[in-house]
Amino acid sequence: MRDLAGGFRYLLAGQRWVFRHGRWLGFGLLPGLVSLVLYAGALIGLGYGADDLTAWATPFADDWSKPWLGLFRGFLTALVFGLGLFLAVITFTAVTLLIGQPFYESLSEQVDRSEGGEVPQSGLPLWRELWISARDSVKVLARVLLYGILLFALGFIPVIGQTVVPALGFCVSGYFLTQELTAVALQRRKVDLADRLALLRSRRLLVLGFGVPLVLSFVVPLVAVFLMPGAVAGATLMARDLMAVDGAPSAEAAPGGPAAPQDPSAPVGFGPPPPAYS
């Protein structure tokens, strides 16, 4: 439970950071506004076409009597739109980060600079950073799609499909959303995708405490756009502490334990969130 609260504190700390640095809030809103227009159009199109898609996919039900035909297809239509919304929540961050790579890289660097200590630089040209970000996002989204298909299928189970499955969906969404957001800071630290996933798996509750409230807020129209800059800032603060950027000894470097790695790009500390963000 302490990690859950700690993750939420990072989220709040990121929002406070951008409001204290108002210029960066406005700077970080631009990519989200572009993504919002794209996704709004896609979801409106899905809303209008979901009925036709469901009817096309279930020709065997054409001869069913009322009200069963309407109930059955209405249920499937709701599931299709719910799956679309689930994928939109997940992919929104990836697409926004890809569109706003230069914006969010600069914002993340400024967070590092304002907090003191090392300000890592990837040293890569922009096209290379965009390629790595897009490649890693596709890999993450492939995992999300697998979870999405599984949860979609489980949604047909009575009671569980309407209670447990949506809760699991928010947890999955929050986990991978946090992965995408922390990637901005961790990619600058030359941490590859496999190591990033391993790092976040080691602190699942911390990740969920950060990501699930963010996913819940993203369901409200326009909120995602305004929270994105603070989410990037909060994820940077989290990445700093998980990677022990300031050179603080890790939990594993306690007396009698192994020494912390000296390479700043290696995950070193998995202790509780620092009190500075409480």
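Notes on the structure follow. (Residues numbered from 1 in each chain as written. Predicted model: local features only at pLDDT ≥ 70, side-chain atom pairs only at ≥ 80, totals over all residues. Heavy atoms only, no water.)

1. Overview of empty space enclosed by the protein
For step 1, the next point in the chain: In the structure shown here, the tally under the stated rule is one cavity of 30 Å³ or more.
For step 2, the next point in the chain: Taken as a whole, the largest cavity holds about 110 Å³ of empty space.
For step 3, the next point in the chain: Along its surface, the largest cavity is lined by 14 residues, and Ser 133, Ser 137, Glu 180, Ala 183 and Gln 187 are the ones closest to its centre.
For step 4, the next point in the chain: Looking at the lining of the largest cavity, the elements that each hand over two or more residues are helix 3 (68-99), helix 4 (101-115), helix 5 (126-154) and helix 6 (164-188).
For step 5, the next point in the chain: The biggest single contributor to the lining of the largest cavity is helix 6, with five residues.
For step 6, the next point in the chain: When the residues that make up the lining of the largest cavity are grouped by side-chain class, the tally is five nonpolar, five polar and four charged. (1 Å grid on protein atoms, 1.4 Å probe; cavity = no way out; pocket = protein on both sides within 12 Å on 5 of 7 lines; lining within 4 Å. Points joined across faces, edges and corners; volume = space filled by probe spheres on them. Helix = DSSP H or I, 4+ residues; strand = E, 2+ residues; numbered from the N terminus. Nonpolar A, V, L, I, M, F, W, Y, C, P; charged D, E, K, R; others polar.)

2. Concerning the nonpolar core
Note on soluble globular proteins: their nonpolar side chains tend to be buried together.
For step 1, the next point in the chain: With 52 residues, the main nonpolar core has Trp 17, Leu 107, Leu 181, Phe 210, Leu 214, Met 228 and Val 232 as its most contacted residues.
For step 2, the next point in the chain: The element contributing the most residues to this core is helix 9 (residues 223-243), with 12 residues.
For step 3, the next point in the chain: Ignoring anything within four residues of it in the chain, the contact list for Leu 214 reads Leu 11, Leu 177, Leu 181, Leu 227 and Ala 231. (Core = buried A, V, L, I, M, F, W, Y, C linked by side-chain atoms within 4.5 Å. Buried < 20%, exposed > 50% of the residue type's maximum accessible area, 1.4 Å probe, protein only. Contact = heavy atoms within 4.5 Å.)

3. Things to note about the layout of surface pockets
For step 1, the next point in the chain: Each pocket or cavity is described by its volume, and for the largest pocket that value is around 490 Å³.
For step 2, the next point in the chain: Forming the walls of the largest pocket are 21 residues, and the residues nearest its centre are Gly 82, Leu 83, Phe 86, Val 165 and Pro 166.
For step 3, the next point in the chain: Mapped onto the lining of the largest pocket, the elements with two or more residues apiece are helix 3, helix 5 and helix 6.
For step 4, the next point in the chain: Residue contributions to the lining of the largest pocket peak at eight residues, all from helix 3.
For step 5, the next point in the chain: Here the residues of the lining of the largest pocket are counted per class, giving 14 nonpolar, seven polar and no charged.

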